[in-house]
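Residue-level structure breakdown
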Amino acid sequence: TELFSAHRSCTTCPYCGVGCGVAATRETTSGGGEEVIRIRGDEQHPANNGKLCVKGSSLADTLGNHGRLLKPRLHGEDCDWETALDYAASKLRETIDAHGPDSVAFYLSGQLLTEDYYVANKLMKGFIGTANVDTNSRLCMSSAVAAYKRAFGADAVPCSYQDLDEAELVVLIGSNAAWTHPILFQRMQAANAKLVVIDPRGSATSEMADIHLAITPGSDAALFNGLLHYLTEFGALDQGFINEHTENFADALYAAAEWTPEKVAEYCSVELDQLLEFYELFRTSEKSVSFYSQGINQSSTGTDKNNSIINCHLATGRIGKPGCGPFSITGQPNAMGGREVGGLANMLAAHMDFTEDNIDRVGRVWNAAKMAQGPGLKAVDLFNAVESGEIKAVWIMATNPAVSMPDARRVAAALKKCPTVIVSDCVPDTDTARCADLLLPATTWGEKSGTVTNSERRISRQKGFLAKPGEARHDWEIICEVARRLGFKEAFDYRSAADIFREHAVLSGFENNRDHALRAFDISALANISDAQYDNFIPLQWPVNAAHPHGTARLFSDGEFFTPSGRARFVAVEPTCPKQQTCDAYPLLLNSGRLRDQWHTMTRTGRARKLLDHSEAPELHVHPQEAKKFGIEDAQLVRVESEKGQFFGRARVTATQKPGQLFAPIHWSDNLAHNATVSALAIPFTDPLSGQPELKQFAVTIEPL
Ligand code: SF4
């Protein structure tokens, strides 16, 4: 039987930001009568039209209660919920009373549903009175957010997946989409667009490209400054669009003027002919989409890199039109949903910044007890504050910062000495859970219900089709229980996730006629949806308001942007090298990335045997030249060392890297294998505008073991 009948969207995949629709069916095996869950793509979901990649189609293998956290645990011992919730609330209250609201912090996750995020953000920013609530989305796309805000006045992704179907040219920058966003990559291939891949290393994606520019890591901004210069020189500017709909073009052009093709080719270490082939292809392809993700964002200059790409689209007027646009793709299933409710410490709620007017407006909707008055600590600073003792109580939900943060082992050590660490998760044995005083059992995919927003601004339902296991509870329920114990009863008295969603929709449109930027994220047309409509929610792209009751496929079609002037802003970009540079002691550059069949720190994909077949253990890809130089044989165990730590991986000698570079996947951790946490190698440099850490390349040395 269909678990969800008579409605269009079933549930959505919990992995990447493509946000594929998933149909789950329950079938009884012949003979034995055993019930099994079958997973297939939802043919009616516009993100994937029935297709799933290997991770999504293996979801059924990840279900089951084996290895789950089924009861609260306090100091390593099982306890009941009353004890656990009283402990959480009393520790937060004691800390706030003794040291003030800024001594506590929440660290959230793109795995949470929007409703979970909403109540966590509301509790911190409207009732505890601090904005120390950040999310692992900081590590994923916060530079894209900062760049969109600089260029468009709001964190508003202009494109739709449909634009990939219509493009003549797709430029993939810092993305191995064939592995990380496979269903979107299949769409690009089906559309028969020309593909240009800009990536320091060879990948499954670059193998399919018409042009692969294996640039020097971190040199992307120079490449796109050079493109802007080239487009100008060869008369490809849309001067009408620039004049009517943008500002600051002259400054951007001045910054790009020195980037001749010859200078770019040398700076980026690419052949001049190949570079010119790309520039010419971009110049002559009117319908072009630039598609980028962590390779651009995880950088100490990620915001500038984003803006250098956006500049080229503004200069050619290739935005707001079918088959065009600068398209940042999120890594996580609900990275965008978290942004919508203010999950980033520098945002208040519903895409609002911390202005006096916004603080007042949100405070009135929430009937707030104590509003945060300014931005809180971003992820790297937040864990630095845990280490320094400035933050004395931290609640981490559905994420594993002891593996994913730069200098990860230092983060784990900081958590171990923090007076109060609360972790909500569905499993008890992550590297972060091991640092917790209190472990709270949360429901997970297949059990939770709420909404998520994918990379094209499309809000979809994620639905539970399994009973809550053991004593697990939904994240929003746990947060509301703690809020009530802190004395905030009425504001957290929700009956259901639908109640939370309706309040979120009200807030998104509340008095937003006073600020142009706030109209970007407006879903006020959904403020009065019934429980039944919420249950049968048809996936929609925001804004969803009176002007666009059926959602909005593409932004800026009218040339109007969300800046005060209504014009898009060019940004003058000065290309800068990554901060982590090789030296005599650390002469190699290690690139980090993802594998085809694994997701984040493997807490879910690691449960499916067939997903481990692709790669069973931490790998280290070594160029034959470096293998010879450092005396490393294929399949040999290798020790990698940086200024911050060490990593052990099994060598794969391959020329997919350029000489002098290595590659290691991010998925394993010290919890799964000895010295297997790659991000432990990273020095925590961050982008000054977005706070996103430089997590793509680290300077290292290697030796065989
Ligand atoms: Fe779709 Fe991404 Fe899930 Fe694969 S991992 S099924 S591409 S959402």
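Quick caveat: nothing in here was measured; it's all calculated off a predicted structure. (Residues numbered from 1 in each chain as written. Predicted model: local features only at pLDDT ≥ 70, side-chain atom pairs only at ≥ 80, totals over all residues.)

1. As for the overall build of the chain
Under the convention used in this document: What counts as a helix is a DSSP run of H or I of at least four residues, what counts as a strand is a run of E of at least two, and both are numbered from the N terminus. Radius of gyration: over C-alpha atoms. The globule rule applied is 2.2 Å multiplied by the number of residues raised to the 0.38 power. The burial criterion counts other C-beta atoms lying within 10 Å of a residue's C-beta, which is placed from the backbone; the residue is buried at 20 or more, exposed at 12 or fewer, and partly exposed between these limits. Throughout, a pair of residues is in contact if the C-beta atoms placed from their backbones lie within 7 Å.
When you go through the chain residue by residue, the secondary structure sums to 24 helices and 26 strands. By the compact-globule yardstick of 27 Å for 705 residues, the chain fits well, its C-alpha radius of gyration being 24 Å. Along the longest, intermediate and shortest principal axes, the C-alpha atoms of the chain span 70 × 65 × 60 Å. Burial statistics for the chain: of 705 residues in total, 61% are counted as buried. Look at the contacts in the chain between residues 6 or more apart in sequence, and 74% of them connect residues 24 or more apart.

2. Regarding the sheet that holds strand E17 (residues 450–453)
This is how it is decided: Strands are labelled as partners when DSSP assigns at least two bridges between them.
A sheet is described by the order of its strands in space; here three strands give the open sequence E17-E18-E19, paired in antiparallel fashion. Looking at strand neighbours, the two that pair on one side only are E17 and strand E19 (540–541), the edges of this open sheet. Taken together, the four bridges between E17 and strand E18 (residues 458–462) define a ladder with antiparallel strand orientation. Paired with Thr 451 across the two strands is Arg 461, which belongs to E18.

3. A word on helix H21 (residues 497–509)
Quick note on the threshold: Multiplying 1.5 Å by the helix residue count minus one yields the expected span of that helix.
Its 13 residues place the ends of H21 19 Å apart at the C-alpha level, agreeing with the 18 Å of an ideal helix rising 1.5 Å per residue. Residues of H21 that are buried include every one of Ala 497, Ala 498, Ile 500, Phe 501, His 504, Ala 505, Leu 507, Ser 508 and Gly 509, and no others. Check the buried side of H21 and you find it contacts helix H3 (114–128), helix H15 (335–341), helix H16 (356–366), E17, helix H20 (475–485) and helix H22 (531–535). Following H21 by one or two positions, Glu 511 has its phi on the positive side, about 50°.

4. Overview of the packing of helix H8 (residues 220–233) against helix H12 (residues 272–284)
The test is simple: Axis definition: a line fitted to C-alpha atoms, over the contacting stretch in the case of helices. Angles run 0 to 180 degrees between N-to-C directions. Here the word oblique covers every angle except those under 35 degrees (roughly parallel), over 145 (roughly antiparallel) and from 65 to 115 (roughly perpendicular). For any pair of crossing helices, the crossing counts as left-handed if the nearer helix is rotated counterclockwise from the farther one by less than a right angle, and right-handed if it is rotated clockwise. Polarity classes work like this: nonpolar for Ala, Val, Leu, Ile, Met, Phe, Trp, Tyr, Cys and Pro, charged for Asp, Glu, Lys and Arg, and polar for all others, with Gly in that last group.
Closest axis-to-axis distance for the H8/H12 pair is 10 Å, and the angle between their directions is 60°. Accordingly, the angle class assigned to the pair H8 and H12 is oblique. Between H8 and H12 lies a crossing of right-handed hand. On H12, the residues touching Leu 227, Tyr 230 and Leu 231 of H8 are Tyr 279, Phe 282 and Arg 283. Class assignment for the residues of the contact of H8 with H12 results in five nonpolar, no polar and one charged.

5. A word on helix H4 (residues 142–152)
H4 sits mainly inside the fold: eleven of its eleven residues count as buried. Among the residues making up H4, those that are buried are Ser 142, Ser 143, Ala 144, Val 145, Ala 146, Ala 147, Tyr 148, Lys 149, Arg 150, Ala 151 and Phe 152. Looking at the buried residues of H4, the elements they touch are helix H13 (294–297), helix H14 (302–315), strand E13 (325–328), H15 and strand E20 (568–569). The first or second residue beyond H4 is Gly 153, which carries a positive phi of 85°.

6. Details of the site of the ligand
We apply this condition: Nearness here is judged by the C-beta atom: place it from the backbone, and if it falls within 6 Å of a molecule or strand, the residue counts as near that partner. Residue ranges labeled as domains rest on an automatic or database domain assignment.
Taken together, 14 residues lie near the ligand, and Cys 13, Cys 16, Cys 20, Cys 53 and Gly 56 sit nearest. Looking at the shell around the ligand, the elements with two or more residues in it are helix H1 (54–57) and helix H7 (182–191). Each residue belonging to the shell around the ligand can be placed in one class, and the counts come to nine nonpolar, four polar and one charged. Each of domain 1 (11–62) and domain 2 (143–330) accounts for three or more of the residues forming the shell around the ligand.

7. Here's the deal with the pairing of strand E21 (residues 588–593)
For E21, a buried count of five out of six residues is recorded, marking the element as mostly surrounded by other parts of the structure. As judged from the four bridges shared by E21 and strand E26 (residues 697–704), these two strands associate in the antiparallel manner. Among the inter-strand pairings, Leu 588 is bridged to a residue of E26, identified as Val 700.

8. Thoughts on the packing of helix H17 (residues 379–388) against helix H19 (residues 408–417)
Contact geometry of H17 with H19 gives a least axis separation of 8 Å together with a crossing angle of 45°. Our classification of the angle between H17 and H19 gives oblique. Classified by chirality, the crossing of H19 by H17 is left-handed. Between H17, through Phe 383, Val 386 and Glu 387, and H19, the contact on the second element is made entirely by Arg 410, Val 411, Ala 414 and Leu 415.

9. Details of the sheet that holds strand E1 (residues 11–12)
If you walk across this open sheet you meet the three strands as E1-E2-E3, and the pairing is antiparallel. Of all strands in the sheet, those with a lone pairing partner are E1 and strand E3 (35–41), marking the two edges. Where E1 meets strand E2 (residues 21–28), two bridges bridge the pair, whose relative direction is antiparallel. In the sheet register, Thr 11 faces E2, and the bridge partner there is Val 22.

10. Re the environment of His 351
Relative to the assigned elements, His 351 resides in the loop between H15 and H16. His 351 sits in the buried class, given 26 other C-beta atoms within 10 Å. His 351 sits eleven residues away from Glu 340 along the chain, and the two C-alpha atoms are 5.5 Å apart. Apart from the residues lying within four places of it in its own chain, the contact partners of His 351 are Ala 154, Asp 155, Glu 340, Leu 518, Ala 520 and Phe 521.

11. Considerations on the pairing of strand E22 (residues 619–622)
Along E22, one buried face is formed by Glu 619 and His 621 and the opposite face, lined by Leu 620 and Val 622, is buried too. The pairing of E22 with strand E24 (residues 646–653) spans four bridges and is classified as parallel. Residue pairing for E24: Leu 620 is matched across the bridge by Ala 651.

12. Things to note about unusual backbone geometry
In this structure, Pro 543 follows Trp 542 across a cis peptide bond, with omega equal to 0°. With respect to the helices and strands, the residue Pro 543 is situated in the loop between E19 and E20. Here the phi dihedral of Asn 49 falls at roughly 45°; this positive angle occurs in a residue that is not glycine. The residue Asn 49 is located in the loop between E3 and H1 in this model. Its identity as a non-glycine residue notwithstanding, His 75 has a phi of 50°, on the positive side. Residue position: His 75 is located in the loop between strand E4 (73–74) and strand E5 (77–78).

13. Brief notes about the domain arrangement of the chain
Assigned domains within the chain: domain 1 (11–62), domain 2 (143–330) and domain 3 (588–704). A straight line from the C-alpha centre of domain 1 to that of domain 3 covers 30 Å. Partitioned by chemical class, the residues of the side of domain 1 that touches domain 3 number two nonpolar, two polar and two charged.

14. Things to note about the confidence of the model for the chain
Threshold: Per-residue confidence from the predictor is given as pLDDT, running between 0 and 100.
Here the chain averages 94 in pLDDT, while 98% of its residues score no lower than 70. Overall, residues 1–9 carries pLDDT values under 50, and its contacts beyond four positions in sequence, including any with other chains, amount to 21 contacts. Of the two predicted TM-score estimates for the complex, the pTM is 0.96 and the ipTM is 1.00.

15. Comments concerning the environment of Gly 218
Mapped onto the secondary structure, Gly 218 falls in the loop between strand E10 (211–213) and H8. Owing to 28 C-beta atoms within 10 Å, Gly 218 belongs among the buried residues under this scheme. Spatially, the C-alpha atoms of Gly 218 and Thr 576 are 8.0 Å apart, while their sequence positions differ by 358 residues. In contact with Gly 218, other than residues within four places in its own chain, are Ser 299, Cys 577, Pro 578 and Gln 697.

16. A closer look at the environment of Ser 455
Here Ser 455 shows up in the loop between E17 and E18. Note on Ser 455: 28 C-beta atoms within 10 Å, which makes it buried. In the structure, Ser 455 is positioned 442 residues away from Cys 13 in sequence and 13 Å away in space, judged by C-alpha atoms. Among residues more than four places away in sequence, those in contact with Ser 455 are Gly 17, Val 18, Gly 19, Val 157, Ile 329, Thr 330 and Met 336.

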